[in-house]
Amino acid sequence: MNRSPLFSSGLELGSLVVTSNVLHRSWAAISGLYREINEAPSSSSVRFKVDQKPNCTIIAFVTWPPCTKEHLRGEGGGDFVSSSTLPLFEFLCTKTNPRFSIHKPAIDHFHSVRGALDFLKSEISNSKPLIITGHSLGGSVASLFTLWLLDRINLANIKRPLCVTFGSPLIGDEGLQDAILQYSTWNSCFLHVVSDQDPVPRVLIPPCNPVAPEKASPANEYKPFGTFLLCSKLGCACLEDPKSILKLLVATCLEGLGNQDWEFFGYGNIVQQLDRQVICKDSTKVDEWIAQPSQAAIVTQLAAIGLERPQQLQQRIDMNTLIRETEKQERKWLMRRWEVYDSNMLNEMKVKMAQLEWYKKCSEDKGIGYYDCYKNASDRSDLVVEKHKKFLTCYWIDTVDEVAKKPQRNGAAFTTRWLFAGTNYRRMIEPLDIAEYYRERKTDYKTKGRSKHYKQLEQWLEEDENNASRPNNSEKQNLAGGLTEDSCFWANVEEALISCEVLTKRESKDMDTHKQILIEFEDYVWGMIENKAVSHEILLKGSSYMKWWEEYSKIIQEGIMGTSYTSSLTDFMKKKQIKQYATGCLQIG
């Protein structure tokens with residue numbers, strides 16, 4: 001049996017579309033649309049069709065008449081339109097990536113179907129997979145429609161669409177590439193099929209464009225995104241790494257293609273060929289100079305798309321560099337998928353959180369609480385906790401960074417499941433970071449020491465609670481689970497202890513400032529107690545909070561806070577209502 005070898009982490013997507021007949025259905029929809037145009041010509045530059053299949057919905061786009069090289073290249077190597085003039089795509093702008101540009105012919109053709117966008121959206125079924133497809137410049141319209149749609153549908157209720165293009169030119173600059181690559185879930189929605197006989201996908205790339213090299217700069221060069229299925233008569237290769245894609249698009253650009261008629265370039269034959277073949281790794285023998293098995297697999301796949309031995313490619317591409325970069329990027333993509341989106345990883349997080357819960361319980365049995373137990377670092381179990389803490393922190397820093405880079409409208413929050421896990425992580429682990437910080441005699445953790453991923457998780461929770469229509473019962477849930485709602489609670493305790501120390505010594509010129517800090521701290525703690533938002537462990541005999549209360553009581557007795565000073569919190573602490581609060585029996589107010 002013939003085998004079409006592929007490589008890169010795009011293997012899964014490539015295998016899926018072939019074995020599930022997606023490519024065949026997509027090309028059949030495009031071919032049918034072209035036949036309709038031939039039978040009934042139209043003045044419209046973009047034609048589309050919605051095909052409701054029993055088990056999927058297909059939306060196909062084509063342009064008519066077929067685009068020309070001059071049309072695609074525009075003036076000076078391909079005209080760009082800035083995101084500042086593209087209100088339909090402003091959601092792709094982020095704080096780290098505030099602007100991007102899109103190919104002018106692509107955006108012009110997309111705008112020509114703007115009036116039909118809501119109709120197309122209404123044709124989407126919640127229960128059926130959605131395939132969006134297009135050929136040549138119609139593929140550019142399909143990609144832009146998919147991006148527009150991703151921002152406007154609820155992915156919790158509707159299956160993520162798959163955009164399959166055939167011979168589509170690149171549609172945007174590095175800014176657009178970054179906007180999509182930074183959210184890898186969106187990036188995986190795009191599969192671009194490219195024939196080695198087709199110049200269209202390559203015409204805007206400087207090495208293939210005789211006009212662009214003189215005027216192009218890194219800021220205005222066209223960049224790929226999504227997965228690319230590069231095809232030849234020998235087989236195909238599936239890639240996700242943008243740098244490797246660009247190099248291989250150039251390397252597989254056959255001489256003389258510019259003189260051919262711009263037809264279908266054999267995509268129908270490619271689809272039929274793939275229908276008859278099995279996508280798998282090839283075990284063809286490779287040269288002895290390839291030492292690593294992973295590199296040997298990559299070389300085998302390069303041969304499948306018609307690339308010769310390295311010494312024959314020196315003028316077009318450095319094969320050794322390409323092999324190393326592809327291997328490196330493949331590992332990177334796989335790690336990102338495993339670490340960020342694999343539900344098994346979330347389960348592993350739960351296991352480590354459960355181990356920390358056990359540490360917390362054992363600490364409470366000692367009458368000290370896990371914050372102070374970790375701060376004192378007097379037991380071997382603290383070393384184990386440090387290992388779990390480091391693992392969880394590395395995971396959540398990467399995860400938060402990934403989600404924070406989403407396009408604006410969808411980047412504000414996790415799904416409920418992930419936000420709940422991130423919130424529990426923050427409330428469990430940040431106190432340990434605070435313990436480390438003050439163990440080193442530092443001050444002002446919230447301003448100088450707090451990690452930005454904690455701030456982001458806290459912000460997303462606030463946004464989620466503000467948008468929720470149901471009452472917020474998180475305080476009682478947190479008390480029941482033993483986690484204090486404010487993960488910075490212990491930083492406030494430590495700052496209050498510092499103020500007590502200053503007032504006790506009576507040597508500071510800022511006595512009034514520290515008195516005010518303590519009054520505000522009292523109000524803060526009492527508010528937490530009233531809302532049942534603070535764990536009972538703060539009231540354990542050996543906790544830093546009780547140490548603060550001991551010092552603060554002396555300050556009150558000495559009259560430093562004023563004659564006959566009293567407050568709701570001091571009354572609560574003097575009545576020793578600790579036991580009632582811990583069991584949830586205390587009625588306040």
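Attention here is on the structure that accompanies the text. (Residues numbered from 1 in each chain as written. Predicted model: local features only at pLDDT ≥ 70, side-chain atom pairs only at ≥ 80, totals over all residues. Heavy atoms only, no water.)

**Digging into the overall build of the protein**
For step 1, the next point in the chain: Along the protein, the regular secondary structure elements total 24 helices and 11 strands.
For step 2, the next point in the chain: Expressed as a percentage of its 589 residues, the buried residues of the protein come to 53%.
For step 3, the next point in the chain: On the protein, roughly 27,800 Å² of surface is accessible, and the fraction owed to carbon and sulfur atoms is 49%. (Helix = DSSP H or I, 4+ residues; strand = E, 2+ residues; numbered from the N terminus. Buried < 20%, exposed > 50% of the residue type's maximum accessible area, 1.4 Å probe, protein only. Areas by Shrake-Rupley, 256 points an atom, 1.4 Å probe, with all protein chains shown as cover.)

**Some thoughts on the pattern of salt bridges**
For step 1, the next point in the chain: Under the definition given, this model contains 16 salt bridges.
For step 2, the next point in the chain: Here D433 makes a salt bridge to K389, at a shortest N to O gap of 2.7 Å. Of the two residues, D433 is situated in helix 16 (residues 416-439) and K389 in helix 15 (residues 381-404); the sequence distance between them amounts to 44 residues. The burial state of D433 is the same as that of K389; both residues are buried.
For step 3, the next point in the chain: What makes K389 buried here is its relative accessible area of 6%. (Salt bridge = Lys/Arg side-chain N within 4 Å of Asp/Glu carboxyl O.)

**Side note on the pairing of strand 2 (residues 46-52)**
For step 1, the next point in the chain: The pairing of strand 2 with strand 3 (residues 57-63) spans seven bridges and is classified as antiparallel. Within strand 3, the residue paired with V50 across the bridge is I59.
For step 2, the next point in the chain: From the end of strand 2 to the start of strand 3, which pair antiparallel, there are four residues. (Pairing = 2+ DSSP bridges.)

**Quick look at the packing of helix 20 (residues 489-505) against helix 22 (residues 544-557)**
For step 1, the next point in the chain: The contact between helix 20 and helix 22 brings their axes to 9 Å, and the two run at 30 degrees. When the interaxial angle is binned, helix 20 and helix 22 end up roughly parallel. Classified by chirality, the crossing of helix 22 by helix 20 is left-handed. Each of F489, W490, V493, E494, A496, L497, C500, L503 and T504 in helix 20 lies in contact with helix 22, whose residues at this interface are S544, Y545, K547, W548, E551, Y552 and I555.
For step 2, the next point in the chain: Looking at the contact of helix 20 with helix 22, its residues break down into 11 nonpolar, two polar and three charged. (Axes fitted to C-alpha atoms, helices over the stretch in contact; angles between N-to-C directions. Parallel < 35°, antiparallel > 145°, perpendicular 65-115°, else oblique. Left-handed = near helix turned anticlockwise from the far one by under 90°. Contact = heavy atoms within 4.5 Å. Nonpolar A, V, L, I, M, F, W, Y, C, P; charged D, E, K, R; others polar.)

**What about the pairing of strand 3?**
For step 1, the next point in the chain: With seven of seven residues buried, strand 3 is to be regarded as a mostly interior element.
For step 2, the next point in the chain: Along strand 3, one buried face is formed by T57, I59, F61 and T63 and the opposite face, lined by I58, A60 and V62, is buried too.

**Overview of the nonpolar core**
For step 1, the next point in the chain: Ranked by internal contacts, the top residues of the largest apolar core, which has 65 residues, are F489, Y545, W548, Y552 and L569.
For step 2, the next point in the chain: In contact with W548, not counting residues within four places along its chain, are A496, L497, C500, L518, F521, E522 and L569.
For step 3, the next point in the chain: Listed in part, the 61 residues of the second largest apolar core include L92, F190, F228 and L248. (Core = buried A, V, L, I, M, F, W, Y, C linked by side-chain atoms within 4.5 Å.)

**A short note on helix 20**
For step 1, the next point in the chain: Helix length check: helix 20, at 17 residues, gives a terminal C-alpha distance of 25 Å against a target of 24 Å (1.5 Å per residue), a fit within 8%.
For step 2, the next point in the chain: Where burial is concerned, most of helix 20 is hidden: 12 out of the 17 residues are buried.
For step 3, the next point in the chain: All buried positions along helix 20 are accounted for by F489, W490, A491, N492, V493, E494, A496, L497, S499, C500, V502 and L503.
For step 4, the next point in the chain: R506 sits one or two positions beyond helix 20 and adopts a positive phi of about 55 degrees. (Expected span 1.5 Å × (residues − 1).)

**A look at the sheet that holds strand 9 (residues 227-232)**
For step 1, the next point in the chain: Strand order in the open sheet formed by seven strands is 2-3-6-7-8-9-10, and the pairing between neighbours is mixed. A single partner strand is all that each edge strand has here, and the edge strands are strand 2 and strand 10 (235-239). Between one strand axis and the next, the sheet turns by 15 degrees as a mean value, whatever way the strands run.
For step 2, the next point in the chain: Bridge analysis of strand 6 (residues 130-135) against strand 7 (residues 162-166) gives five bridges, and the strand direction is parallel. Among the inter-strand pairings, T133 is bridged to a residue of strand 7, identified as V164.

**Description of the packing of aromatic side chains**
For step 1, the next point in the chain: Here the structure, examined in full by the defined rule, presents 28 aromatic pairs.
For step 2, the next point in the chain: Residues F48 and F61 carry aromatic rings whose centres are separated by 6.2 Å and whose planes lie at 45 degrees to one another, so their mutual orientation is tilted. You can see F48 sitting in strand 2 and its partner F61 sitting in strand 3, a full 13 residues away along the chain.
For step 3, the next point in the chain: Of the residues examined, F61 reaches a relative accessible area of 1% and is grouped as buried.
For step 4, the next point in the chain: Between F489 and Y545, the aromatic rings sit 6.4 Å apart at their centres with planes inclined by 40 degrees, giving tilted as the arrangement. (Phe/Tyr/Trp six-rings, centres within 6.5 Å; stacked < 30°, edge-to-face > 60°.)

**What to know about the environment of L518**
For step 1, the next point in the chain: Turning to its location among the elements, L518 is positioned in helix 21 (residues 511-530).
For step 2, the next point in the chain: Among residues more than four places away in sequence, those in contact with L518 are A496, S499, C500, L503, W548, Y552 and M561.

**Looking at the packing of helix 21 against helix 22**
For step 1, the next point in the chain: With their axes 13 Å apart at the nearest point, helix 21 and helix 22 run at an angle of 135 degrees to one another. On the basis of the axis angle, helix 21 is oblique to helix 22. Here the hand of the crossing between helix 21 and helix 22 comes out left-handed. Here L518, F521, E522 and V525 of helix 21 come into contact with helix 22, specifically with Y545, W548 and Y552.

**Observations regarding helix 21**
For step 1, the next point in the chain: With 20 residues, helix 21 extends 29 Å between its outermost C-alpha atoms, agreeing within 8% with the 28 Å of an ideal straight helix rising 1.5 Å per residue.
For step 2, the next point in the chain: Among the residues of helix 21, those classed as buried are M511, H514, L518, F521, E522, V525, W526, M528 and I529. One side of helix 21 carries all its buried residues, which in axial view fall inside an arc of 155 degrees. In helix 21, the exposed positions angled more than 90 degrees off the buried face are occupied by D512 and D523. (Arc of directions from axis to C-beta.)

**Notes on the environment of Q355**
For step 1, the next point in the chain: Note that Q355 resides in helix 13 (residues 343-365).
For step 2, the next point in the chain: With a relative accessible area of 36%, Q355 lands in the partly exposed category.
For step 3, the next point in the chain: Placed 30 residues apart in sequence, Q355 and V385 show a C-alpha to C-alpha distance of 8.3 Å.

**Observations regarding unusual backbone geometry**
For step 1, the next point in the chain: A positive phi angle, near 55 degrees, is found at S136, a position not held by glycine.
For step 2, the next point in the chain: Within the fold, S136 resides in the loop between strand 6 and helix 6 (137-152).
For step 3, the next point in the chain: Unlike most non-glycine residues, S564 shows phi in positive territory, near 55 degrees.
For step 4, the next point in the chain: Mapped onto the elements, S564 comes out in the loop between helix 22 and helix 23 (568-574).

Distances and angles like these do not, on their own, reveal function.
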